[in-house]
Amino acid sequence: MNGPLDPEAGAEAEALNAAQTAEAAEGFRAVHGGEPTGIWAAPGRVNLIGEHTDYNDGFVMPLALPHTTRVAAARRDDGVLGLHSADVSGGTVRLPAEKLAPGTADGWAAYPAGVVWALREAGLLSGREGGADLYIRSDVPTGAGLSSSAALEVATAVALNDLYGLGLAPERIARLCQRAENEFVGVPCGIMDQMASACCTAGHALHLDTRDLAARQVPFDLAAAGLRLLVVDTRVKHALGDGEYARRRAGCEEAAAALGVAALRDVPYGELDTALAGLADPALRPLVRHVVTENRRVEEVVGLLDAGDPRSIGPVLTAGHASLRDDFAVSCPELDLVVETANAAGALGARMTGGGFGGSAVVLVEAAGAEEVGAEVADAFDAAGHPAPRLFEAVPSTGARRLDG
Ligand code: ADP
Ligand code: MG
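Being a predicted model, the structure only gives us computed values, none of them experimental.

Rules and cut-offs
- Residues numbered from 1 in each chain as written.
- Chains lettered and ligands numbered in written order.
- Predicted model: local features only at pLDDT ≥ 70, side-chain atom pairs only at ≥ 80, totals over all residues.
- Heavy atoms only, no water.
- Near = heavy atom within 4 Å.
- Polar contact = N/O pair within 3.5 Å; in protein donor to acceptor, adjacent residues only side chain to side chain.
- Areas by Shrake-Rupley, 256 points an atom, 1.4 Å probe, with all protein chains shown as cover.
- Pairing = 2+ DSSP bridges.
- Helix = DSSP H or I, 4+ residues; strand = E, 2+ residues; numbered from the N terminus.
- Contact = heavy atoms within 4.5 Å.
- Axes fitted to C-alpha atoms, helices over the stretch in contact; angles between N-to-C directions.
- UniProt positions renumbered as here; feature names shortened; annotations may be inferred.
- Buried < 20%, exposed > 50% of the residue type's maximum accessible area, 1.4 Å probe, protein only.
- 1 Å grid on protein atoms, 1.4 Å probe; cavity = no way out; pocket = protein on both sides within 12 Å on 5 of 7 lines; lining within 4 Å.
- Points joined across faces, edges and corners; volume = space filled by probe spheres on them.
- Nonpolar A, V, L, I, M, F, W, Y, C, P; charged D, E, K, R; others polar.
- Domains from an automatic or database assignment.
- Buried area = accessible area lost by both parts, 1.4 Å probe.
- Core = buried A, V, L, I, M, F, W, Y, C linked by side-chain atoms within 4.5 Å.

Taken together, 16 residues surround ligand 1, and among them Ser 85, Asp 87, Gly 143, Ser 148 and Ser 149 come closest. Contacts to ligand 1 include Ser 85, whose side-chain N or O atom sits 2.7 Å from a nitrogen atom. In this structure, Ser 148 approaches ligand 1 through a side-chain N or O atom, which is 2.6 Å from an oxygen atom. Coverage of ligand 1 by the protein chains reaches 76% of its 560 Å² of free accessible surface.

The strand order β5-β4-β6-β3-β1-β13 describes an open sheet built from six strands, whose pairing is mixed. Unpaired on one side and paired on the other, β5 (93-96) and β13 (401-402) mark the two borders of the sheet. Packed onto the sheet, helix α2 (residues 110-121) meets β4 (80-85), β5 and β6 (131-138) and runs at close to 150° relative to β4. Sitting on the sheet, helix α5 (residues 192-199) touches β1 (38-47) and β3 (62-76), and the angle it makes with β1 is about 130°.

A word on the UniProt feature "active site" (unreviewed entry) in the protein chain. Mapped onto this numbering, the UniProt entry annotates "active site" (unreviewed entry) at Asp 193. Structurally, the position occupied by Asp 193 is in helix α5. Exposure remark for Asp 193: the relative accessible area of 16% places this residue in the buried category. If we ignore the near neighbours within four places in the chain, the residues touching Asp 193 are Arg 45, Ser 147 and Ala 150.

Sheet architecture is open: four strands sit in the order β10-β11-β9-β12, paired in antiparallel fashion. Bordering the open sheet on either side are β10 (349-353) and β12 (390-393), each of which pairs with just one other strand. Going across the sheet, the axis of each strand differs from the next one's by a mean of 25°, ignoring polarity. When strand β9 (residues 227-237) meets strand β11 (residues 358-366), the two strands line up antiparallel, connected through eight bridges. Pairing of Leu 229 across the sheet is with Leu 364, part of β11.

This brings us to the layout of surface pockets. In this model, the largest pocket occupies a volume close to 1400 Å³. Lining of the largest pocket is provided by 50 residues; of these, Gly 145, Ser 149, Glu 181, Val 187 and Asp 193 occupy positions nearest its centre. Elements supplying a minimum of two residues to the lining of the largest pocket: β6, α3 (148-163), α5, β9, α7 (241-259) and β11. Ranked by residues supplied to the lining of the largest pocket, first place goes to β9 with four residues. Of the residues belonging to the lining of the largest pocket, the class tally is 18 nonpolar, 22 polar and 10 charged.

Each domain of the protein chain was delimited in the assignment, giving domain 1 (10-217 + 397-402) and domain 2 (221-393). Summarising the inter-unit geometry, the C-alpha centres of domain 1 and domain 2 are found 27 Å apart. Both faces considered, domain 1 and domain 2 share a buried interface measuring about 2800 Å² in area, 61% of it formed by carbon and sulfur atoms. Ranking the residues of domain 1 by area buried against domain 2 places Ile 49, His 52 and Tyr 55 at the top, with a combined share of 23%.

Another aspect to go through is the nonpolar core. It is characteristic of soluble globular proteins that their nonpolar side chains tend to be buried jointly. Counting 52 residues, the largest nonpolar core has Leu 81, Leu 100, Ala 113, Leu 119 and Val 154 as the members making the most contacts within it. When neighbours within four sequence positions are excluded, Val 154 is seen to be in contact with Ala 42, Ile 173, Cys 177, Gln 194, Ser 197, Ala 198 and Ala 400. Core analysis: the second largest hydrophobic core is formed by 39 residues, Tyr 55, Cys 252, Ala 255 and Val 339 among them.

So, in structure tokens, the structure goes:
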């Protein structure tokens, strides 16, 4: 199993920080020459509950992973942006910070360049300022739905925030990074990923209202409760995902308009049946039912965690999966197999996480049974002829931070 499954992992965090700091500094020296001014890190995330709610102005509940993207950085006052990622081949990309505009950077470099562009657009870096040398290194799996893109953006933004003394609050950083991804990279993502990477704290999940970004840290100390949250990356990415995502989104907007509300978040749970009966198009009903019940499930999970009862969230997670599978129709056989197998093997609950049509599932298990549940899922994939899934442990971890000093 990848990632820390060792209960002592928390105690090893400091040693890991030191090793990652040293590695990033060494990488920076080798690529850019000279010393980095500092090393910053931002995590990937996984969403515990609240799926397909963000574009309905609803609630989400992500937690930060122990997996991070590190940026070793130093300011340059000649306006040059020097970008190097140890995780991709192709050497160092050099761009003029002053001339950045959507379309001027390709591929992975668009993520950090987009952050510099967003800072400049906001009037935060002016004149020939805004240059920097960056060395990037990550252990957030890419394309597994764990938000390596937000980790890269937020790590870049916190580095520039400190290098240029901008004093930006985490929420502002998240919004600037979302703008970079939406407008510079061209991906229409919501705000959850960047908020999670910028704002999460260890031992908590972030209860986030995507309408106004009101956020609260909710206690979710799995280790203290004798629990583990596994992330199972199915390694499936169906090509139909993007088109289906757009279709669900359009369906939700249509339903909100038909119901006369700004967003489906405004349909109270107690009025769900009336709302469903009032929809002329029956195809919209399951979409509305998912969004309204999912927002309710987020509130349920928050209530249970606040009451110190993390075990009880298991069935709520599984109910969320059923809703995504049956009503929202965004699951796939591999994700269903994870949930069914894990629950049959004694998990407390499980659900797909992320947009669906592949990607990852989360499984809540008793710590003592984690290895067995993981093994059963791997066996079931083997028996069904699917490629082996990748397993990680999601230890609720710290959001973006400076690693050194
Ligand atoms: P996810 O965010 O779910 O991992 P995305 O498709 O949104 O998937 O983002 C993945 C992309 O982000 C990669 O294809 C790459 O362009 C960029 N990226 C993420 N991490 C790194 C990294 N460490 N170095 C270079 N590029 C990265
Ligand atoms: Mg992403």
